Amino acid sequence: MNNMWGSIAQYETIYWPWPIAVYLFLAGLSAGSIIVSLLVKWNKHEDNTNSIWDAMVKAGALIGPITICLGLGLLIIDLGKPLSFYWLLIAYNIKSVMSIGVICLLLYTPFAFLFTMMIFEKEINEWKFLAFLRPLTKFIRSFAKISKNIEYILFFLAICVAMYTGFLLGAIEKIPLWNTPILPILFLVSGFSSGIAANILIGMMFFKGSLNKDSIKYLLVLDLRAILFEIPLLIILFLGLYLGGSAEFANMALNDALYGKIFWIGVVSIGLFIPVIIAATALKNHAYKPLYIIINSVVVLIGVVVLRYYIVYAGQALM
């Protein structure tokens, strides 16, 4: 059997360093941004004309393919033999979580680029430095009648990409923090939250002309709901460890001198409580000032990055 797609025993000697944590973040961010972009497009922007929702749709279409390519680049480099990565594309084992994930990524990435070109067709036709893409946009225009179906497929693939990273870690049974069914859901929700935050920041930076308080408020409310859903998921994660025979590991994960602080300060305080406090104070009074919005989005992104780092490193270091 190809050792790249072999049994789970192959993971016993693999050390998962920081590029893996960053990749998990970037993959979730890409999927989350695309999901947010599509939800806004379907629910608020179906007329496909310029409106206050343009910024959020375009931001997600821009972030999605860029971040997934950066993440895959890190993953390829971390393989140790970057020039051999093509084996991932030709050797499959349908029983391997990693192999299934690669299939999802191979489908998701071109669909993400296709969606981006559909959203930015006007800009491609107007901006001279993008003239080389115009023949491709003409070809893509032939898919106009099935554009909604393309979006549905992309939405499904984005959910798969956001969740598969959790399944990937969960396949390693010897690490209690990874081997839990709640992890894929947690990664999906946190990825969705990071996508909202990134879309808001990119929308404010590059698409300010088509932005107003209503579109920002819509996403901030979605983000608050995602965070409020993420909190019980974390509680369930550790309850599962306690009740599943890994109470000692759970105690170390929550109280370790280093990783305990990373969790309580980085994940809980910065990534969860500060956004809730901002929503309950400044944003509750409709004070949608750029400073509050930027702080809210930045701390959400920090929290998601730290969560991925914590899961990857604490899972290994405390064994």
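Since the model is a prediction, treat every value here as computed from it, not as a measurement.

Chemist: What should I look at first to understand the packing of aromatic side chains in this one?
Modeler: The relation between two aromatic rings is expressed through the spacing of the ring centres and the mutual angle of the planes. As enumerated under the stated definition, the model contains seven aromatic pairs in all. Geometrically, the ring pair formed by Phe263 and Trp264 is edge-to-face, given 5.0 Å between the ring centres and 80° between the ring planes. Note on Trp264: relative accessible area 41%, which makes it partly exposed. Residues Phe263 and Tyr310 carry aromatic rings whose centres are separated by 5.2 Å and whose planes lie at 40° to one another, so their mutual orientation is tilted. Of the two residues, Phe263 sits in helix 11 (residues 259-280) while Tyr310 sits in helix 12 (residues 290-317), which places them 47 residues apart along the sequence.

Chemist: When you look at empty space enclosed by the protein in this model, what are you seeing that I'm missing?
Modeler: Empty pockets left among the atoms are what a rolling probe the size of a water molecule brings to light. Applying the stated criterion across every chain yields a total of one cavity of 30 Å³ or more. Reported here for the largest cavity is a volume of approximately 50 Å³. Surrounding the largest cavity, Ser193, Ile227, Glu230, Val267, Gly271, Leu272, Val300, Gly303 and Val304 form its lining.

Chemist: Looking at this structure, I do not really get the pattern of salt bridges. What am I missing?
Modeler: A pair can form between side chains of opposite charge whenever their charged atoms are brought close. Under the criterion given, the structure shown has one salt bridge. Lys41 is the partner of Glu151 in a salt bridge, and the nearest nitrogen-oxygen pair spans 3.0 Å. Of this pair, Glu151 sits in helix 7 (residues 147-170) while Lys41 sits in helix 1 (residues 18-44), and the two are 110 residues apart along the sequence. Of the two residues, Glu151 and Lys41, neither departs from the other in class, the shared state being buried.

Chemist: Just to check I follow, could you spell out the state of the cysteines for this structure?
Modeler: A disulfide bridge is the covalent bond that connects two cysteines by way of their sulfur atoms. Enumeration over the complete set of coordinates arrives at zero disulfides. Here Cys104 is not disulfide-linked; the sulfur of Cys160 is the nearest cysteine sulfur, at 4.6 Å. Taking relative accessible area as the criterion, Cys104 reaches 13% and is therefore assigned buried.

Chemist: Hey, could you run me through the side chain of Ser297 in this one?
Modeler: Secondary-structure assignment places Ser297 in helix 12. In this structure, Ser297 is in contact with Ala197, Ile200 and Leu201, ignoring residues within four places of it in sequence.

Chemist: Just to check I follow, could you spell out helix 11 for this structure?
Modeler: In the structure, helix 11 departs most strongly from a straight axis at Ser269, where the bend amounts to approximately 45°. Here the buried face of helix 11 lies against helix 9 (213-243), helix 10 (247-255) and helix 12.

Reading the values: rules and limits
Residues numbered from 1 in each chain as written. Predicted model: local features only at pLDDT ≥ 70, side-chain atom pairs only at ≥ 80, totals over all residues. Heavy atoms only, no water. Phe/Tyr/Trp six-rings, centres within 6.5 Å; stacked < 30°, edge-to-face > 60°. Buried < 20%, exposed > 50% of the residue type's maximum accessible area, 1.4 Å probe, protein only. Helix = DSSP H or I, 4+ residues; strand = E, 2+ residues; numbered from the N terminus. 1 Å grid on protein atoms, 1.4 Å probe; cavity = no way out; pocket = protein on both sides within 12 Å on 5 of 7 lines; lining within 4 Å. Points joined across faces, edges and corners; volume = space filled by probe spheres on them. Salt bridge = Lys/Arg side-chain N within 4 Å of Asp/Glu carboxyl O. Disulfide = S-S within 2.5 Å. Contact = heavy atoms within 4.5 Å. Bend = angle between axes of the 7 residues up to and from the residue.

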